[in-house]
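Residue-level structure breakdown
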Amino acid sequence: MGARILRIELRRSLALGAGLLIAAVGVFVLFASNPPYRSWMELAVFQRDTMQLTWPLALAAGAWQGIRERRSRVAELLATTPRPRRRRVLPVAAAMAIAVLAAYLVMLAGASGHLWNFEVYLSAGTVPIIATGALAMIAAVWLGQALGSLLPSPLTAPMLVVAGFALLAVLPSLLLDPDRRPGTMLLFPQLQGPRGGGYLVQTFSARANLSQALWLAALAATGLALFAAARPATRVAAVLPILVGAAIAVPAMPRLVDSAWVTDRRAAEVVCTRDDPKICIARSYSYALDYLRGPAHEALATLAAKLPRAPTRVLVETNDKPYQGRPPANTLLLVAPDPTAYTPDDLLWRMLDGAGVPACPNLIGELDKPNQRYIAGRTVAAAWLLDRDPPRASGRREESAVGIEQQALAALRALPAGEQKARVNTLRDAEMTCAAGDRIDMLTASDSAP
Amino acid sequence: MVRTVSTAETEPANYGWVIQAQGLRVRAGRRMAVDGLDLSMDTGVHGLLGPNGAGKTTLIRSIATVLRPAAGSLTLLGQTLGGRMDLRGLRRQIGYLPQEFGFYRQFTMREFIEYIAWLKEMPTAEIPGAVQRAIDRVGLTDRADHRMKTLSGGMVRRAGIAQAIVNDPQILLLDEPTAGLDPDQRLQFRALLRELGTDTCVLVSTHLVEDVAAACTDVVLINAGRLIFQGVPADLAAAAGDKTGDGDSAAERGYSAIMRRHREKEA
C-alpha cells in the first residue's frame, strides 16, 4: 500500500509540477548562459553551478509541500490516525525526492543537447559530480519540507527562494575573492569549476567530492528527520546528523576549492580513432574529432596522391608549448591547442604546411623576427599540394612572405611535373630532419636540382 | 463483496461500555469545556445535543484522542486513556469526522479516502474494497474519481463521512455531519446512521433535534460540560410533559423543556 500512496503523492502533490519547473529552468539556464560544452565534466560542473538557482527552487518547493497539512487543515483528522507521523510523511518525502532527482537527470539529459557532440570526453570523475548534485537536490526538498512544516506560513516558500538565492549566489560573490575561494565553500551545494576553465584536463579530487557529499547527506538526513519528527525532543535529535556531518566533512575539505581541482591523467592520454581517417588526439579533446575528420581525410589523401611515403595518420598536439621533437614518418602532426578555433580550411592548410611536417624551432626564427622565407617555403609546399593559391597573410606569416610565395609558386609550377614532386619531397625531407637550407631555393633554384 | 474479518472483530468484548467517562474534565484552551462529565455509551446511535459552548466538540475531540483528559477517566473499548495503553490499536477502531473537515484538494475522493484508510493502518488488500464500500454508502459512487476540490459542500461532508467509516470503526464520531446536506441527503444519512448503529457506537453531535429524534437510539444532552439528560428519543419527547414549550415537534419541545428546567435549577 505504501507504493500505492507513493503513486498518489507523485501524481497529486507538488512533486510533478516542482520537478518540471526545476528541469525547465535548469535546461534553459544551461543552454542560454554558455557555449556548447566540450566535455561531460564541463556540463556537469555548470549544472552544479546553476544550483545557485535550482537549489533554492527545490528548497521552496519542499517548503510549499511541507505546509500542506496545515494549509489543508487536515492536522486534526490526521492526529487521530494510528499511523505515526514518521511513517505518514515517508511517501510524500519520497515523491518529492524522486521528483527533484528526476528533474536533475532530465536537466542533464536536456542540456546534453548543448554538448559539442556525443563524442565528448566522459571522465570517471564526472559521475560523482552529478551524483553529489542529485544528493544536494534531495537535501533541498527535505530541508524545505521540514522548514515548511515548522514554519507553516504562505510566506515561507517565497522567502526561502529569495534567502536561498542570496545565500548561494549573492553572498559568496560579494565576500569572497574568486581566486581564493576557501574549501568551506563546499558546504554550499553549487560547485565552481577550475579557474581558467581547465575542464578538459582537470578533475575534482575524490576526497573533496566525498567531503561535500557527506555533508549534503547529513543535511538531507536532518531535513528528513526534522520533517518526520512529531515531538520537540525528536526535533532536537534531528539536528544531530548535521552536526556529525559537519564535524567529519569540514576538516576533510581542501583549504582552497581550486586546490581540489587536480590533473586528470586519463584525459591527457592520446587515443586514436579506429576508422578512417586515423586521427590521434588527447582523450579529453575527443569532442574535436568530428570537426577534424574532414580536413584530416583531405590532408592524408592529398599527401598520398602527390608524394611518396605519405603519412597514414594525423596526430593532433594540443599542448600549447612549442613542439620540439620530430614526428615519425607515418604521422602528420598538427599543433593546435584549440582545434575547433580554426575553420576547416585553415586546419587543412595547417596540416599541409611544410608538406605535412611541423615547423622546425631552429629555422623559424625569433618570435618577434620570424624567418619569412622559411615560412613562405612551407606555405608554397602546401599550396602546391592543394593546387591552390596561398591564403592571405596571417599571424607570423607577413605580407613579405606572401610576395615571396606567389613568385616561388609560379616558378615551381613552371617546372616539369616530376621535378615539381621531387622538389616538394626534398623540402619535406629537410623539414623532417630540420636540416638547414633555404626552403624557397629548394623548391625553385635551378642549381638545387639533383 | 467479501472481506476478511480479523479476530479482534469477532472477539467477544470484555468491557462493559464502548465509551465510558467518569468525572471527565477536558480543557479547550484555557476553559474547562468538559467539566465533570459522567457518561456511558454502548453500541447504537447516540445523538449529542446541547447549546453552543456546551462542550460537545471538546467531548468528541477527547474521545477522538486529539485532546487528553485533564482529570477523571475516559475509557474507550475497555482501555483507559493515558499512561501505558495501546493508543495506536485504539485509533484503528475509531472513525472521526471533525467539525472542520480538512482535505487535500488535489486528491480525488477515492485517493483521499484511500490515504485515510492507509493512515488507519488497514490491511493493504482490504483497502480498495473498503474505500469503494464507504463511497457507495454515502451515495457518491459517481463522484469517486473527481478531485476533492470540485465537490460541493454537501458532497465534501459526505466524503468526510465516508473517510470516517472506511475502517468499519467500533467508535464513530461525527461532529455536525449534516451541515450542508439537503433534505433528501439528510434522510439518506439518517438511514445510514440507523444501519451503522447496529454494530457501532456512533456519537453524532448536532443542533438538529429532529435528526436525533429520527435516527438515534439514545439522546445525550450536555450543558456547561456536564450531562443533563440521557435517554431514548421517546423520553426526550415525553420530557416536555403537557406544557406547550418552545419548539415545533415533541422532541424540540422536550429539548427546550429540559434546558429550561436545568437553567432554573442552576439559578
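These remarks concern the structure in this document. No experiment lies behind these values; they were computed from the predicted model shown.

All names here are of chain B. Read from one edge of the open sheet, six strands run β6-β7-β8-β3-β9-β10, paired in mixed fashion. The sheet terminates laterally at β6 (94-97) and β10 (226-231), the two strands that pair on one side only. Strand after strand, the sheet turns through a mean of 15° between neighbouring axes, direction not considered. Inspection of the sheet shows strand β3 (residues 44-49) paired to strand β9 (residues 218-223) by four bridges, in the parallel sense. Looking at β9, one finds that His46 is bridged to Asp218. Where helix α6 (residues 153-165) meets the sheet, it contacts β6 and β7 (171-175), and its direction lies at approximately 165° from that of β6.

Residue and element names in this part refer to chain A. A full pass over the atoms with the stated rule returns two disulfides over all chains. Each sulfur of the disulfide joining Cys272 and Cys280 lies 2.0 Å from the other. Judged by the sign of its S-S torsion, about 110°, the bond between Cys272 and Cys280 is right-handed. Given the relative accessible area of 37%, Cys272 is considered partly exposed. One disulfide bridge connects Cys360 with Cys434, the sulfur atoms lying 2.1 Å from each other. Between Cys360 and Cys434 the disulfide shows an S-S torsion of about -95°. By sign, it is left-handed. A residue pair is termed long-range when its members are at least 10 positions apart, and Cys360 in the loop between α16 (344-352) and α17 (372-386) and Cys434 in the loop between α19 (417-433) and α20 (439-444) qualify at 74 residues. For the residue pair Cys360 and Cys434, the accessibility class agrees, reading buried in each case.

Before going further, it helps to spend a moment on the interface of chain A and chain B. At the junction of the two partners, chain A supplies 25 residues and chain B supplies 31 residues. For the chain A and chain B pair, buried surface summed over both sides reaches about 2800 Å², with 61% attributable to carbon and sulfur atoms. Where chain A meets chain B, there are five salt bridges. Its salt-bridge partner being B:Glu100, residue A:Arg73 comes within 2.7 Å of it at the nearest N-O pair. For the interface between chain A and chain B, the tally reads ten residue pairs in polar contact (both at pLDDT 80 or more). Counting only elements with at least two residues in the side of chain A that touches chain B, the list comes to α1 (2-12), α5 (68-71), α6 (75-79) and α7 (85-88) of chain A. Here the side of chain A that touches chain B is built from residues that sort into ten nonpolar, four polar and eleven charged.

The rules behind the values
- Residues numbered from 1 in each chain as written.
- Chains lettered and ligands numbered in written order.
- Predicted model: local features only at pLDDT ≥ 70, side-chain atom pairs only at ≥ 80, totals over all residues.
- Heavy atoms only, no water.
- Pairing = 2+ DSSP bridges.
- Helix = DSSP H or I, 4+ residues; strand = E, 2+ residues; numbered from the N terminus.
- Axes fitted to C-alpha atoms, helices over the stretch in contact; angles between N-to-C directions.
- Contact = heavy atoms within 4.5 Å.
- Disulfide = S-S within 2.5 Å.
- Buried < 20%, exposed > 50% of the residue type's maximum accessible area, 1.4 Å probe, protein only.
- Buried area = accessible area lost by both parts, 1.4 Å probe.
- Salt bridge = Lys/Arg side-chain N within 4 Å of Asp/Glu carboxyl O.
- Polar contact = N/O pair within 3.5 Å; in protein donor to acceptor, adjacent residues only side chain to side chain.
- Nonpolar A, V, L, I, M, F, W, Y, C, P; charged D, E, K, R; others polar.

Nothing here speaks to function; it is geometry throughout.
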